[in-house]
Amino acid sequence: MVTDDARALALRCETRANSLARRLSREFFGTVPGYDLLPSDLKDLEIAATVRHGVRTFLRGVVAPPSAADAYRVFAERAAQRAEEGVPLDLLLRAYALGVHGLWQVLRREARPGEEAALAELVDLLLRTQSEVVGVVTRSYLDAAAALAQEDRPGQDLLVRRVLDGTCGPEEARAGGLSLDGPLLLVAFAARVPHDADRGRHGPEGAVVRRRRLRGVRSALNRSFGTDAALAVLEPEPDGHGPAGRALVAGRSEAPDDLPGSLSRGYGETVHVAVVAAPDASGIAEAAGTAREIVRIARARGLVPDGPGHRLDDVLLEFHLSRPGPSGDRIAALLDPVARRPELLATLRTHLELRMDRRATAARLGVHPNTVDKRLARLTALTGLDLTLPHDTALALAAQLLREARAEAPGREPGGG
């Protein structure tokens, strides 16, 4: 039974929940090795929210104790999520221990002369609660980690990539546990706004971001198609501009209209989505390659998907113009004069993506609109491509797409044969 003095002290401290969560996120947790490498949204949103929940749950529980299931449900859910994201268990437990330390400091500062007994009473309750929370967190984390280890068959991602690339036949894929019963739907997706945030990202932060995105994408696919058999892989974006991932859904030839929105929520940012159907397993590699190209072209043009995602008919002319061959080599070579001018190529790419809006281009690049004008004028002087002319704009777009496609192909140089 909690005394009235202890309840009064707990009620006064409850008003400090928000400031304590902010302080713990910025100061206390920063001392935990590896915490600074976690993604910003994980630290600033989810962990801070968990801290606020924990503080309020404890302090309100002093007045009206919740049921055990209600008190610890959020901690169990968050621990399972951290396991799925690859956050080390020791980092998680240290964060909880520091949270208890921070709450103790708040209680100590708020306690008035004569409330020493109430403070001791709350600290005793806090330490007993910490024991319960640590048990729940550890149990939930280890259960989730064990389930992940059982679900993630070694080499499955590699096998899926080989199927999508056409280097693994249907029989080998089926022997590896993949379902390839037709029809099949191939999905490619990429972030709407190319950026450098993930380029070169390695270590704990990159691993957490990648696992969160992959988990979100797989969940979104399964919800959208009403299946748990969707196969998805995330892939690096060459130069920050290639597809972010691909997926294969067996037994489907059409995608729901909400697929782009669902995948965007799962991936964590707005994505372009392309869908291409294959009648059977023999057509997977070609359909996957087509979907990949459609996404690249749609993003280069700044298209907004209508319905379930971009289709070939949406980018038919650009798709044709960006095919390899003698004419493709000549078109790609139009940008050779600026091959060593990355600022000009970036300005061209962004300007085309944003439909020739100089102010939007300037905002995206972080420069003045006059700088955009000067760069485009310099590009015209060096290449002869005048972006005020529709014909030259089409050539510039085709040249950019061809060069980027060849930059992704091993052993080929932009503009080369």
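Whatever comes next refers back to the structure up there.
To start, this report covers the structure provided alongside it. (Residues numbered from 1 in each chain as written. Predicted model: local features only at pLDDT ≥ 70, side-chain atom pairs only at ≥ 80, totals over all residues. Heavy atoms only, no water.)

**Quick look at the overall build of the protein**
Note the threshold: Think of it this way: any DSSP run of H or I at least four residues long counts as a helix, any run of E at least two long counts as a strand, and we number them from the N terminus. Exposure categories follow from relative accessible area, calculated using a 1.4 Å probe and restricted to protein chains: below 20% of the type maximum is buried, above 50% is exposed, and the middle band is partly exposed. Contact criterion: two residues are considered in contact whenever any of their non-hydrogen atoms come within 4.5 Å of each other. Using a 1.4 Å probe, accessible areas were evaluated by the Shrake-Rupley method; residue-level cover was limited to the displayed protein chains.
From N to C terminus, the protein includes 17 helices and four strands. When burial is assessed residue by residue, the protein has 46% of its 417 residues classed as buried. Long-range pairs, those at least 24 residues apart, make up 72% of the contacts in the protein between residues at least 6 apart in sequence. Surface accessibility of the protein: about 20100 Å² in total, with carbon and sulfur atoms responsible for 54%.

**Notes on the pairing of strand S4 (residues 271–278)**
Test applied: At least two DSSP bridges between two strands are needed for those strands to be called paired.
With seven of its eight residues buried, S4 lies for the most part within the structure. Bridge analysis of strand S1 (residues 184–191) against S4 gives eight bridges, and the strand direction is antiparallel. Its bridge partner being in S4, Phe189 is matched across the sheet by Val273.

**A short note on the pattern of salt bridges**
For clarity, the cut-off: Any carboxyl oxygen of Asp or Glu that lies within 4 Å of a side-chain nitrogen of Lys or Arg is treated as forming a salt bridge with it.
Enumeration according to the criterion identifies 18 salt bridges in this entry. Between Arg311 and Glu254 there is a salt bridge, with its nearest N and O atoms 3.2 Å apart. Residue Arg311 is located in the loop between helix H11 (284–301) and helix H12 (316–321), and its partner Glu254 is located in the loop between strand S3 (245–250) and helix H10 (259–267); the two are separated by 57 residues in the primary sequence. Judged by its relative accessible area of 28%, Arg311 is partly exposed.

**A short note on the packing of aromatic side chains**
We apply this condition: Each aromatic pair joins two rings of Phe, Tyr and Trp (for Trp, the six-membered one) with centres within 6.5 Å, and gets the label stacked for planes under 30 degrees apart, edge-to-face for over 60, and tilted for any other angle. When the NZ atom of lysine or the CZ atom of arginine is within 6 Å of a ring's centre and also within 35 degrees of its normal, the charge is said to sit over that ring.
Applying the stated criterion across every chain, the model contains two aromatic pairs. Where Phe75 meets Tyr96, the ring centres are 5.7 Å apart and the plane angle is 75°; that geometry is what we call edge-to-face. Separated by 21 residues along the polypeptide, Phe75 in helix H4 (residues 68–85) and Tyr96 in helix H5 (residues 89–110) bring together distant segments of the chain. Residue class for Tyr96 comes out buried when judged on its relative accessible area of 17%. The ring of Tyr267 carries the charged tip of Arg213 above its face, separated from the ring centre by 4.4 Å.

**Quick word on the sheet that holds S3**
Short version of the rule: Axis definition: a line fitted to C-alpha atoms, over the contacting stretch in the case of helices. Angles run 0 to 180 degrees between N-to-C directions.
Strand order in this open sheet of four strands is S2-S3-S1-S4, and the pairing throughout is antiparallel. Of all the strands in the sheet, the pair left with one neighbour each is strand S2 (231–234) and S4. The mean inter-strand angle of the sheet, taken between neighbouring strand axes irrespective of direction, is 15°. Relative to S3, S2 runs antiparallel, the two sharing four bridges. Counted as the bridge partner of Ala232 is Ala247 from S3. Strand contacts of helix H7 (residues 156–165): S1, S2 and S3, with the helix running at about 95° to S2, the strand carrying the most contacts.

**As for unusual backbone geometry**
Non-glycine residue Arg355 carries a positive phi angle of around 55°. Locating Arg355 in the fold gives a position in the loop between helix H14 (342–353) and helix H15 (358–365). Residue Arg355 is classed as exposed on the basis of its relative accessible area of 53%. Residue Met356 is not a glycine yet carries a positive backbone phi of 65°.

**Examining the nonpolar core**
The condition that has to hold: Definition of nonpolar core: a set of buried residues of the types Ala, Val, Leu, Ile, Met, Phe, Trp, Tyr and Cys, connected through side-chain atoms within 4.5 Å.
Val163, Leu164, Leu180, Leu186, Leu248 and Ile284 are the most contacted members of the largest nonpolar core, which totals 52 residues. No other element matches the nine residues that H11 contributes to this core. With residues up to four places along the chain from it excluded, the contact list for Leu180 reads Val163, Pro170, Ala173, Arg174, Leu248, Ala281 and Ile284. Counting 23 residues, the second-largest nonpolar core is a separate cluster that includes Leu9, Ala21, Val55 and Phe58.

**Here we look at the packing of helix H1 (residues 4–14) against H5**
This is how it is decided: We call two directions roughly parallel when the angle between them is under 35 degrees, roughly antiparallel when it is over 145, roughly perpendicular when it lies between 65 and 115, and oblique otherwise. Here a crossing is taken to be left-handed if its near helix is turned anticlockwise relative to the far helix by less than a right angle, and right-handed if that turn runs clockwise. Under the scheme applied, nonpolar residues are Ala, Val, Leu, Ile, Met, Phe, Trp, Tyr, Cys and Pro; charged residues are Asp, Glu, Lys and Arg; polar residues are all the others, including Gly.
Where H1 meets H5, the closest approach of the two axes is 10 Å, and the angle between their N-to-C directions is 115°. Regarding the angle of H1 to H5, the classification is roughly perpendicular. Along this stretch, H1 crosses H5, giving a crossing that reads as right-handed. Residue-level contacts link Leu9, Arg12 and Cys13 of H1 to Val106, Leu107 and Glu110 of H5. Considered class by class, the residues forming the contact of H1 with H5 number four nonpolar, no polar and two charged.

**Here we look at the pairing of S1**
The element S1 is largely enclosed, with a buried count of eight among its eight residues. The pairing of S1 with S3 spans six bridges and is classified as antiparallel. Across the sheet, Ala188 pairs through a bridge with Arg246, a residue of S3.

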